[in-house]
Amino acid sequence: APHTWSDESKVGINPFLLTFNDHEKTRENRINFEYFNFDILITNPPFAGTIKERNILRLYNLAERKGKLVKKIGRHILFLERAIKFIRPGGRLAIVLPRGLVNSPTSEYIRKYVIKEARILGVIDLHENTFKPHTGTKTSILFLQKYLDEEKESISDINFDDDEISLNYNIFFGVNEAPIKDSSGNYNYKRDPNGQIILDIHGHPVMDNDLPEIRDAFIQFVKDEDLDFWRN
């Protein structure tokens, strides 16, 4: 939370704050340190633990349910909101989240918050072995692009309280079926017929998983959709 940051830290990050056409909003942002100007953010926030401190909870929209502040909330949920505010309009975010946030009915309000703020580019379900031996939590990577002001205006007439919301764009979905690690948390490597690990041209072991295929399919999706960051 910004109120816990040192003055030295605040001075160091001042250049990264987002500025607005509204001078008052810019001034408030320089006090609250809420919106930043990063082009791309890639993050894997901690899943463990909950936040209970009211002076922190009141800083987050997702900590409010039906007009009231919740008593506690998962740390990773606040990370998601904070990460979206860290990227500029048009900026992109890749964030690892518990799979439940993507498909659980109880997390619907979180997904609605996301689609109010950003276009969902893609969702990739990771294999449960991905983060072993540290955790076997099922996770997904969520790829977002934050709306430009005019794009956000174009969805202002959508009623996000509806049970079903129709989005006028395509979303990439991928499933990591060939894990990068085995059930013990050891990396899977490609091997030759003699059982020797295959090395790349730099002498590094070649991983055996399907993530490169998912990556290539996502790149092709971005090209087919003619998304602006691909053209740039």
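All values reported here derive from a predicted model rather than from experimental measurement.

## Details of the overall build of the chain
Across its full length, the chain carries 9 helices and 9 strands. Its C-alpha atoms put the chain at 70 × 40 × 40 Å along the principal axes. Considering only intrachain contacts with a sequence separation of at least 6, the fraction spanning at least 24 residues in the chain is 62%. Summed over its atoms, the accessible surface of the chain is roughly 14,400 Å², and 50% of this surface lies on carbon and sulfur atoms. On the chain, the mean spot of the 32 positive side-chain charges and the mean spot of the 35 negative ones are 7 Å from each other.

## A short note on unusual backbone geometry
Excluding glycine, residues mostly carry a negative phi; peptide bonds, for their part, are mostly trans. For the peptide bond that leads from lysine 132 to proline 133, omega is 10°, which places it in the cis range. Residue position: proline 133 is located in the loop between β7 (118-125) and β8 (139-146). The backbone of phenylalanine 33 shows a phi angle near 50°, a positive value even though the residue is not glycine. Position of phenylalanine 33 relative to the elements: it lies in the loop between α2 (23-32) and β1 (38-43). The buried category is assigned to phenylalanine 33, whose relative accessible area is 4%.

## A few points about the packing of helix α4 (residues 75-86) against helix α6 (residues 108-117)
Running from N to C, α4 and α6 cross one another at 5°; their axes reach a closest spacing of 11 Å. Here α4 lies roughly parallel to α6, going by the angle between them. In this structure, α4 contributes Ile77, Leu80, Glu81, Ile84 and Lys85 to the contact, and α6 contributes Tyr109, Ile110, Tyr113, Val114 and Glu117. Residue classes in the contact of α4 with α6 are distributed as 7 nonpolar, no polar and 3 charged.

## Description of the packing of aromatic side chains
Here the structure, examined in full by the defined rule, presents 10 aromatic pairs. Ring centres 6.0 Å apart and planes at 90° place the aromatic pair phenylalanine 20 and tyrosine 35 in the edge-to-face group. With phenylalanine 20 in the loop between α1 (7-13) and α2 and tyrosine 35 in the loop between α2 and β1, the pair connects residues that are 15 residues apart, well separated along the chain. Three or more aromatic residues joined by ring pairs form one cluster here, namely Phe16, Phe36, Phe38 and Phe86. Between arginine 65 and the ring centre of tyrosine 109, over which it is positioned, the NZ or CZ distance is 3.7 Å. In this arrangement the basic side chain of arginine 92 is found over the ring face of phenylalanine 229, its NZ or CZ atom lying 4.1 Å from the centre.

## A word on the sheet that holds β1
Spatial ordering of the open sheet is given by β1-β6-β8-β7-β9, a layout of 5 strands whose pairing is mixed. Every interior strand has two partners, whereas the edge strands, β1 and β9 (172-175), have only one. Strand after strand, the sheet turns through a mean of 10° between neighbouring axes, direction not considered. Two strands pair when backbone bridges link them, and β7 and β8 are joined in this way by 7 bridges, in the antiparallel orientation. Note that in β8 the partner of isoleucine 124 across the bridge is isoleucine 141.

## Observations concerning the nonpolar core
In this structure, Leu80, Ile120 and Leu144 are the most contacted members of the largest nonpolar core, which totals 31 residues. When contributions to this core are tallied by element, the ones reaching two or more residues are α3 (54-57), α4, β6 (87-98), α6, β7 and β8. Sort the elements by how many residues they give to this core and α4 lands first, with 5 residues. The next biggest cluster of nonpolar side chains, apart from the first, holds 14 residues, and it includes Leu121, Leu126, Phe218 and Leu227.

## Looking at the side chain of aspartate 210
Among the secondary structure elements, aspartate 210 is positioned in the loop between β9 and α8 (211-225). Here aspartate 210 occupies a buried position and makes no salt bridge, while the nearest side chain of opposite charge, lysine 190, is found at 11 Å. Aspartate 210 has contacts with Val175, Asn176, Glu177 and Ala178, leaving out every residue within four places of it along the chain.

Parameters and conventions
- Residues numbered from 1 in each chain as written.
- Predicted model: local features only at pLDDT ≥ 70, side-chain atom pairs only at ≥ 80, totals over all residues.
- Heavy atoms only, no water.
- Helix = DSSP H or I, 4+ residues; strand = E, 2+ residues; numbered from the N terminus.
- Contact = heavy atoms within 4.5 Å.
- Areas by Shrake-Rupley, 256 points an atom, 1.4 Å probe, with all protein chains shown as cover.
- Lys, Arg positive; Asp, Glu negative; His and termini not counted.
- Charge placed at Lys NZ, Arg CZ, Asp CG, Glu CD.
- Buried < 20%, exposed > 50% of the residue type's maximum accessible area, 1.4 Å probe, protein only.
- Axes fitted to C-alpha atoms, helices over the stretch in contact; angles between N-to-C directions.
- Parallel < 35°, antiparallel > 145°, perpendicular 65-115°, else oblique.
- Nonpolar A, V, L, I, M, F, W, Y, C, P; charged D, E, K, R; others polar.
- Phe/Tyr/Trp six-rings, centres within 6.5 Å; stacked < 30°, edge-to-face > 60°.
- Lys NZ or Arg CZ within 6 Å of the ring centre and 35° of its normal.
- Pairing = 2+ DSSP bridges.
- Core = buried A, V, L, I, M, F, W, Y, C linked by side-chain atoms within 4.5 Å.
- Salt bridge = Lys/Arg side-chain N within 4 Å of Asp/Glu carboxyl O.

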